[in-house]
Amino acid sequence: MNYPFRRARSARVDSVAVEASLRETLNFERLVSDLSATFVAVPVHQIDHAIEQGLARIVSALDIDRSTLSRVFPLTGRAEVTHSFAVEGVEPVPRRLLPARDSNPWALAKATANEPIVFASLDDLPPEASVDKESWRKIGLRSHVMMPIVVAGQLQGSLNFGCVRRERSWSDDLLARLRLLAEVFGGALARKRAQEELDLALGFERLASGILASLALSTPGHGNRAIAAGLRQMGEFVGAERVALWHRGTDLPFVVSRQWLANGFAAQAAQGEAAALPWIHGLIGDGSVVRIAHLEDIPPAGQADAETLRQLGVRSLLALPIAVDGSMVGALTLESIEREHEWPDVLTPGLTLLAEVFANLHAREAAEHRKQAAEVEAAHWRERLVHLVRVHTAGEMSVALAHEITQPLGAIENYALAARRRVAEAVPDIGRLVELIDKVIGQTTRAGDVVARMRAMAQRHELEPKLIDMERALVECVGMVKMDCELRDIRIELATQKPLPAVLVDEIHLQQVVLNLLRNAMQAMEGAPRGGREITVSLRARHDEILVEVADRGPGIAAGDLERIFESFYSTKSEGLGIGLAICRKLIEAHGGRLWAAHRGAGGAVFSFTLPLAAA
């Protein structure tokens, strides 16, 4: 017998299920769109908080038990849970390093190949995933999706969705959206790591500036003291408890020549000098960088070295070969004893540069009779110091320049979106499209000019005096700090005498001096009332020279400091390196000019320098 009311009830049930599925799909689409917009707009320092909130929304939208974000280190096969959220009653995954190569080898291989892991039940896993299956069973996982996060073709991490209280299925449409979510989270992580690497690189540049300054300006016979201080600063910056400088001896492959040890680690160091590390020494001798984040990652050929490191209490090691004129002369090693260390790639070039400087200075100290060669070498490092101080100045300007470049980038995005809407019209207005494209080109040029100014400051530079227009050069310098002045509510004015004769000068070095004086003036007025913050730059000719003056309305300079501020390593600022004004005076004097400081009659300070006219 047929029951029409049963068929009608079944149809209503099917209709309700379809509506519920459609509603879930629309809600999840909205979630993906919201998270995409959030991660594009959120400041870098708030990305971690945004990720935590995003995981919570995902768990709620999918009605699952927990979601985690993991970072993967492909070279070592380790995974680190960086963010986790779980519903009430379910423990979130703790933040820790996991040996994925041992506990989840099948999943690691799939993720490395950019293939997702999906199972509704543990019984769905293939036989080759037996090790992974047991690992997941131990943590109570019943259904799971792991979406790999791949950036620039390399595995960076994974976005994971799991159920521990029940099993569930994962539709193809849902998996496609989860893949999109992984890309969104990957973009956010890429932004965060790029900023972290930039901050780390800028921090190391400042450190290197100070170390190279102490080395380049150290008096003969005191280089070893500067090297010891440099090793200590390097160790404290990267978080290593021992930093050692090695040179190749006659009987042993490598011998410690200089080292720094954190408090309480002298005993381990005494054993380390006599320890045999044949595998590590062999790699260094071949010019290879040895990066050991975990002793378990050392291959069978280096097990003797691994055992020696365990006895010494070393948990991570970075060893950098030192080559001078193509010949291997030694090595720099950094050892982490208290914790395991991943040794970021961004630090390797800078550490290698400092290691080469140390090796050169050590050789110079051991061979004082090669005076002429040592003087040439010192001049070389002084030029590097000038460059690094210029990079340091560029780093201090990065916030204002980033703010300045954000405006044309935002305009480019708006014009491009408007152009896309125009193209989608039934009859596109070609004239309007051309106008929008021209605006994109104009804003691109504006952004390019900002980048070009930063690149010119950061590039290495050899002395190149040439005839320049001083007014144009100063206008460009003022333009480079104008945005920063606006952010600090500082009015800056340029007064020039016309006409002005030409000056023979290296423009990059002139720019470095003027920018240093401008930034000093800006920092001097940080505590001044906002209505009275003003910098005046004046330029005029007198006799056979050009006079440039930079005046501020800050607290001024103490009477006894008018000359001391030009001494190396003397600074009135707690965070200053104390080498900026010393370098500026050397650059001006190298052009035949003078640089001095004086009190300003109306309060504040005025820095003046002269440059001889081209005819003179």
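Further up the page is the structure itself.
Not measured: the values here are computed from a predicted model.

Calculation criteria
Residues numbered from 1 in each chain as written. Predicted model: local features only at pLDDT ≥ 70, side-chain atom pairs only at ≥ 80, totals over all residues. Heavy atoms only, no water. Pairing = 2+ DSSP bridges. Helix = DSSP H or I, 4+ residues; strand = E, 2+ residues; numbered from the N terminus. Axes fitted to C-alpha atoms, helices over the stretch in contact; angles between N-to-C directions. Contact = heavy atoms within 4.5 Å. Buried < 20%, exposed > 50% of the residue type's maximum accessible area, 1.4 Å probe, protein only. Polar contact = N/O pair within 3.5 Å; in protein donor to acceptor, adjacent residues only side chain to side chain. Salt bridge = Lys/Arg side-chain N within 4 Å of Asp/Glu carboxyl O. Core = buried A, V, L, I, M, F, W, Y, C linked by side-chain atoms within 4.5 Å. Left-handed = near helix turned anticlockwise from the far one by under 90°. Nonpolar A, V, L, I, M, F, W, Y, C, P; charged D, E, K, R; others polar. Parallel < 35°, antiparallel > 145°, perpendicular 65-115°, else oblique.

### Concerning the sheet that holds strand E10 (residues 316–324)
Spatially, E8-E7-E11-E10-E9 is the arrangement adopted by the five strands of the open sheet, whose pairing is antiparallel. Single-partner strands in this sheet number two, and they are strand E8 (255–261) and strand E9 (290–292). Geometrically, the sheet is characterised by an average inter-axis angle of 15 degrees between neighbouring strands, direction not taken into account. The strands that helix H9 (residues 278–285) touches are strand E7 (242–247), E9, E10 and strand E11 (327–336); relative to E9, the one it contacts most, it runs at about 140 degrees.

### What about the side chain of Ser121?
Within the secondary structure, Ser121 is located in the loop between strand E4 (117–119) and helix H5 (130–138). Looking at Ser121, the relative accessible area reads 10%, which means it is buried. Polar side-chain contacts of Ser121 include one of 3.1 Å to the side chain of Glu167. With sequence-adjacent residues up to four places away left out, Ser121 is seen in contact with Arg142, Ser143 and Glu167.

### What to know about the pattern of salt bridges
With the rule as written, the count across this model stands at 21 salt bridges. For the salt bridge of Glu335 with Arg242, the shortest nitrogen-to-oxygen distance reads 3.3 Å. Of this pair, Glu335 sits in strand E11 while Arg242 sits in strand E7; the two residues are 93 residues apart in sequence, bridging distant segments of the chain. Using a relative accessible area of 8% as the deciding quantity, one classes Glu335 as buried. By relative accessible area, Arg242 is classed as buried at 3%. In this structure, the salt-bridge partner of Arg585 is Glu563, at a minimum N-O distance of 3.1 Å. Note that Arg585 is positioned in helix H17 (residues 580–590) and Glu563 in the loop between strand E16 (545–552) and H17, a separation of 22 residues in sequence.

### Remarks on the sheet that holds strand E13 (residues 491–496)
Across the sheet, which stays open at both edges, the five strands sit in the order E13-E15-E16-E18-E17 with mixed pairing between neighbours. Edge positions in the open sheet fall to E13 and strand E17 (594–599), since each of these has one partner strand only. Strand-to-strand twist of the sheet, defined as the mean angle between neighbouring strand axes without regard to direction, takes the value 15 degrees. Across six bridges, E13 lies against strand E15 (residues 534–542) in parallel orientation. Residue pairing in the sheet places Ile492 in a bridge with Ile535 of E15. The strands that helix H15 (residues 470–487) touches are E13, E15, E16 and strand E18 (605–612); relative to E13, the one it contacts most, it runs at about 175 degrees.

### As for the nonpolar core
Core analysis: the biggest nonpolar cluster contains 45 residues, and Met470, Leu510, Leu518, Ile535, Phe607 and Phe609 have the highest contact counts within it. Taken together, the elements giving at least two residues each to this core come down to H15, strand E14 (503–505), helix H16 (507–524), E15, E16, H17, E17 and E18. Setting aside anything within four residues of it in sequence, one finds Met470 in contact with Val503, Leu510, Leu539, Ile546, Val548 and Leu611. With 34 residues, the next largest nonpolar core counts Leu35, Leu55, Leu175 and Phe185 among its residues.

### Notes on unusual backbone geometry
In this model, Lys498 is joined to Pro499 through a cis peptide bond whose omega is -5 degrees. As for its placement among the helices and strands, Pro499 is situated in the loop between E13 and E14. Even without glycine at this site, Asp63 takes up a positive phi of about 55 degrees. Along the polypeptide, Asp63 turns up in the loop between helix H2 (47–62) and strand E1 (66–73). Judged by its relative accessible area of 51%, Asp63 is exposed. The phi torsion at His543 lies on the positive side, around 55 degrees, for a residue other than glycine. The topology assignment puts His543 in the loop between E15 and E16.

### Quick notes on the packing of H16 against H17
Between two packed helices, the angle of one axis relative to the other and the distance separating the axes together describe the packing. The interhelical angle for the contact between H16 and H17, taken along N-to-C directions, is 145 degrees, at an axis separation of 10 Å. Seen from above, H16 lies across H17 with left-handed handedness. Together, His509, Gln512, Val513, Asn516, Leu517 and Asn520 of H16 and Gly580, Leu581, Ile583, Cys584, Leu587 and Ile588 of H17 make up the contact between the two elements. For the contact of H16 with H17, a count of residues per class yields seven nonpolar, five polar and no charged.

### A few points about the environment of Leu361
Relative to the assigned elements, Leu361 resides in helix H11 (residues 348–366). Residue class for Leu361 comes out buried when judged on its relative accessible area of 5%. Measuring from C-alpha to C-alpha, the distance between Leu361 and Ile227 comes to 8.2 Å, with 134 residues separating the pair along the chain.

### A word on the packing of helix H4 (residues 105–112) against H5
In contact at an axis separation of 6 Å, H4 and H5 are set at 110 degrees when each is read in the N-to-C sense. By the angle between their directions, the pair H4 and H5 is classed as roughly perpendicular. For the pair formed by H4 and H5, the contact residues are Pro105, Trp106 and Ala107 on the first element and Val131, Asp132 and Trp136 on the second.

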